[in-house]
Amino acid sequence: QVQLVESGGGLVQPGGSLRLSCAASGSIFNIYGMGWYRQAPGKQRELVAFITSGAITNYADSVKGRFTISRDNAKNTVYLQMNSLKPEDTAVYYCNAYLAVVAGTSARQYWGQGTQVTVSS
């Protein structure tokens, strides 16, 4: 069974910074990509940033230049450094991993429980 455990959310003032972490554990054969999505009240879940096992990254236009995604493959952990935070970044942030649990089987997506990020003065 695979688990994704997030940490690092909280309340921060506009212009501040937060760092989110997500560790994948359990029976894992290979993680092909990990990333972060977010969902604000009344809105659809959207991609924030994603990183492949080869360190290729993809960012939402709204966070480019402010957020940085990184990954520690040895620890099956992904990080999201969020700088210059804005009130519109307020949302529940969900960790996502695209992985296979057994060699030769298809990979699928797994989700964390979510962590709240609130940007407010």
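Conventions used here
- Residues numbered from 1 in each chain as written.
- Predicted model: local features only at pLDDT ≥ 70, side-chain atom pairs only at ≥ 80, totals over all residues.
- Heavy atoms only, no water.
- Buried < 20%, exposed > 50% of the residue type's maximum accessible area, 1.4 Å probe, protein only.
- Helix = DSSP H or I, 4+ residues; strand = E, 2+ residues; numbered from the N terminus.
- Pairing = 2+ DSSP bridges.
- Patch = residues over 30% accessible without salt bridge, like charges linked within 9 Å, V, L, I, M, F, W, Y side chains within 5 Å.
- Areas by Shrake-Rupley, 256 points an atom, 1.4 Å probe, with all protein chains shown as cover.
- Salt bridge = Lys/Arg side-chain N within 4 Å of Asp/Glu carboxyl O.
- Phe/Tyr/Trp six-rings, centres within 6.5 Å; stacked < 30°, edge-to-face > 60°.
- Lys NZ or Arg CZ within 6 Å of the ring centre and 35° of its normal.
- Core = buried A, V, L, I, M, F, W, Y, C linked by side-chain atoms within 4.5 Å.
- Contact = heavy atoms within 4.5 Å.
- Axes fitted to C-alpha atoms, helices over the stretch in contact; angles between N-to-C directions.

### Topic: the pairing of strand 7 (residues 67-72)
Part 1: Across the two faces of strand 7 the burial differs, with Phe67, Ile69 and Arg71 buried and Thr68, Ser70 and Asp72 not buried at all.
Part 2: Examined bridge by bridge, strand 7 and strand 8 (residues 77-82) share six bridges and lie antiparallel to one another. Within the sheet, the bridge partner assigned to Asp72 lies in strand 8 and is Thr77.
Part 3: Linking strand 7 to strand 8, which pair antiparallel, is a turn of four residues; within it Asn76 sits at a positive phi near 50°.

### Brief notes about a nonpolar patch on the surface
Part 1: Together, Phe29, Tyr32 and Tyr98 line one region of the surface with nonpolar side chains, adding up to about 300 Å² of accessible area.
Part 2: Residue classification places Phe29 among the partly exposed residues on the basis of a relative accessible area of 48%.

### Overview of the packing of aromatic side chains
Part 1: Under the definition given, this model contains two aromatic pairs.
Part 2: For the pair Tyr37 and Trp111, a centre-to-centre distance of 5.0 Å together with 65° between the ring planes defines the contact as edge-to-face. A residue pair is termed long-range when its members are at least 10 positions apart, and Tyr37 in strand 4 (residues 30-39) and Trp111 in strand 10 (residues 108-111) qualify at 74 residues.
Part 3: Of the residues examined, Trp111 reaches a relative accessible area of 37% and is grouped as partly exposed.
Part 4: Above the ring of Tyr79, the side-chain terminus of Arg19 is found at 4.1 Å from the ring centroid.
Part 5: The cationic tip of Arg45 hangs over the ring face of Tyr94; the distance from NZ or CZ to the ring centre is 3.7 Å.

### Re the environment of Ala74
Part 1: In this fold, Ala74 is placed in the loop between strand 7 and strand 8.
Part 2: Taking C-alpha positions, Ala74 is 21 Å from Asn58, a pair spaced 16 residues apart along the chain.

### Quick notes on the nonpolar core
Part 1: Trp36, Leu80, Met82 and Tyr93 are the most contacted members of the largest nonpolar core, which totals 31 residues.
Part 2: Taken together, the elements giving at least two residues each to this core come down to strand 3 (18-25), strand 4, strand 5 (46-52), strand 7, strand 8, strand 9 (91-100) and strand 11 (115-119).
Part 3: Take this core: its biggest share by element is five residues, from strand 9.
Part 4: If we ignore the near neighbours within four places in the chain, the residues touching Met82 are Gly16, Ser17, Leu18, Leu20, Arg66, Phe67, Tyr93 and Val117.

### Section: the sheet that holds strand 8
Part 1: The strand order 1-3-8-7 describes an open sheet built from four strands, whose pairing is antiparallel. Only two strands of the sheet have a single partner each, and these edge strands are strand 1 (3-7) and strand 7. Sheet twist, expressed as the average angle between the axes of neighbouring strands with direction ignored, equals 15°.
Part 2: The pairing of strand 1 with strand 3 spans five bridges and is antiparallel. Bridging across to strand 3, Glu6 finds its partner in Cys22.

### Some points on the pairing of strand 9
Part 1: Counted residue by residue, strand 9 has eight buried out of ten residues, so it is predominantly covered.
Part 2: With nine bridges connecting them, strand 4 and strand 9 associate as antiparallel partners. Paired with Tyr37 across the two strands is Tyr94, which belongs to strand 9.
Part 3: Taken together, the three bridges between strand 9 and strand 11 define a ladder with antiparallel strand orientation. Of the residues in strand 11, the one forming a bridge with Ala91 is Val117.
Part 4: Sheet analysis places strand 9 next to strand 10, joined by four bridges and oriented antiparallel. Across the sheet, the residue bridging to Ala97 is Tyr110, located in strand 10.

In short, shape yes, function no, at least from these values alone.
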